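So the chains spell out like this:
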Amino acid sequence: MFDVKRDARSAPAAEFASRRMLQLGVASLVTAGMLAGASVADARTTRIQILSRVAAFGGYSFPGVGQYEVIRGIATGEVDPNDPKNAVITDIARAETGERQRHLPA
């Protein structure tokens, strides 16, 4: 038997779901456009030093994923102080360059 009242109530829910999907699609396109148009400054990680590793969430193993870890460490990187895109970094013009640092005594 077909209940018309039940279908009538689900119609707004279906409309809401399709409207929500449209909103998510538009938001995704706007975000992708902003990321594609953004200028990227060249930077690279030169060293990663891991200080400690411990099991997260009391060692609980999540189904299909496994255990998570909390990793604490130091990441060291380099940017080009002469690149205009890095000018927003405070005092970047006063920073030591890689060439000068190589010649300093340890």
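Residues numbered from 1 in each chain as written. Predicted model: local features only at pLDDT ≥ 70, side-chain atom pairs only at ≥ 80, totals over all residues. Heavy atoms only, no water.

Draft legend 1. Examining the overall build of the chain more closely. For the chain, the count of helices and strands is two helices and four strands. Mapped in sequence order, the helices and strands of the chain form the string α-β-β-β-β-α. Across the 106 residues that make up the chain, the buried fraction comes to 5%. A separation threshold of at least 6 residues defines the contact pool for the chain, and within that pool the share at least 24 residues apart is 44%. (Helix = DSSP H or I, 4+ residues; strand = E, 2+ residues; numbered from the N terminus. Buried < 20%, exposed > 50% of the residue type's maximum accessible area, 1.4 Å probe, protein only. Contact = heavy atoms within 4.5 Å.)

Draft legend 2. The arrangement of the pattern of salt bridges in detail. Inspection of every chain in the model, using the stated rule, returns two salt bridges. Between Glu78 and Arg44 there is a salt bridge, and its shortest N-O distance comes to 2.8 Å. Taken together, the residues Glu78 in strand S4 (residues 69-79) and Arg44 in strand S1 (residues 43-55) connect sequence positions 34 residues apart. (Salt bridge = Lys/Arg side-chain N within 4 Å of Asp/Glu carboxyl O.)

Draft legend 3. Representation of the packing of aromatic side chains in the model. On inspection of all chains with the given rule, the structure shows four aromatic pairs. Seen in terms of ring centroids, Phe57 and Tyr68 are 6.1 Å apart; in terms of plane orientation they differ by 85 degrees. Their pairing is edge-to-face. Of the two residues, Phe57 is situated in the loop between S1 and strand S2 (61-62) and Tyr68 in the loop between strand S3 (66-67) and S4; the sequence distance between them amounts to eleven residues. Taking 5.3 Å as the distance between ring centres and 80 degrees as the angle between the ring planes, the aromatic pair formed by Phe62 and Tyr68 counts as edge-to-face. Through pairs of rings, three or more aromatic residues link up here, namely Phe57, Tyr60, Phe62 and Tyr68. (Phe/Tyr/Trp six-rings, centres within 6.5 Å; stacked < 30°, edge-to-face > 60°.)

Draft legend 4. Examining unusual backbone geometry more closely. Positive phi, normally seen in glycine, also occurs at Phe57, with a value near 55 degrees. For Phe57, a relative accessible area of 59% corresponds to the exposed category.

Draft legend 5. Seen up close, the environment of Val70. On the secondary structure map, Val70 appears in strand S4. Considered as a pair, Val70 and Val54 are 16 residues apart in the sequence and their alpha carbons are 5.4 Å apart. Apart from the residues lying within four places of it in its own chain, the contact partners of Val70 are Ser52, Arg53, Val54 and Ala56.

Draft legend 6. Representation of the environment of Asp83 within the structure. Within the element layout of this structure, Asp83 appears in the loop between S4 and helix H2 (98-102). Its relative accessible area of 16% is what places Asp83 among the buried residues. Among the polar contacts listed, one links the side chain of Asp83 to the backbone nitrogen of Lys85, at a separation of 3.1 Å. (Polar contact = N/O pair within 3.5 Å; in protein donor to acceptor, adjacent residues only side chain to side chain.)

That is the geometry; function is a separate question.
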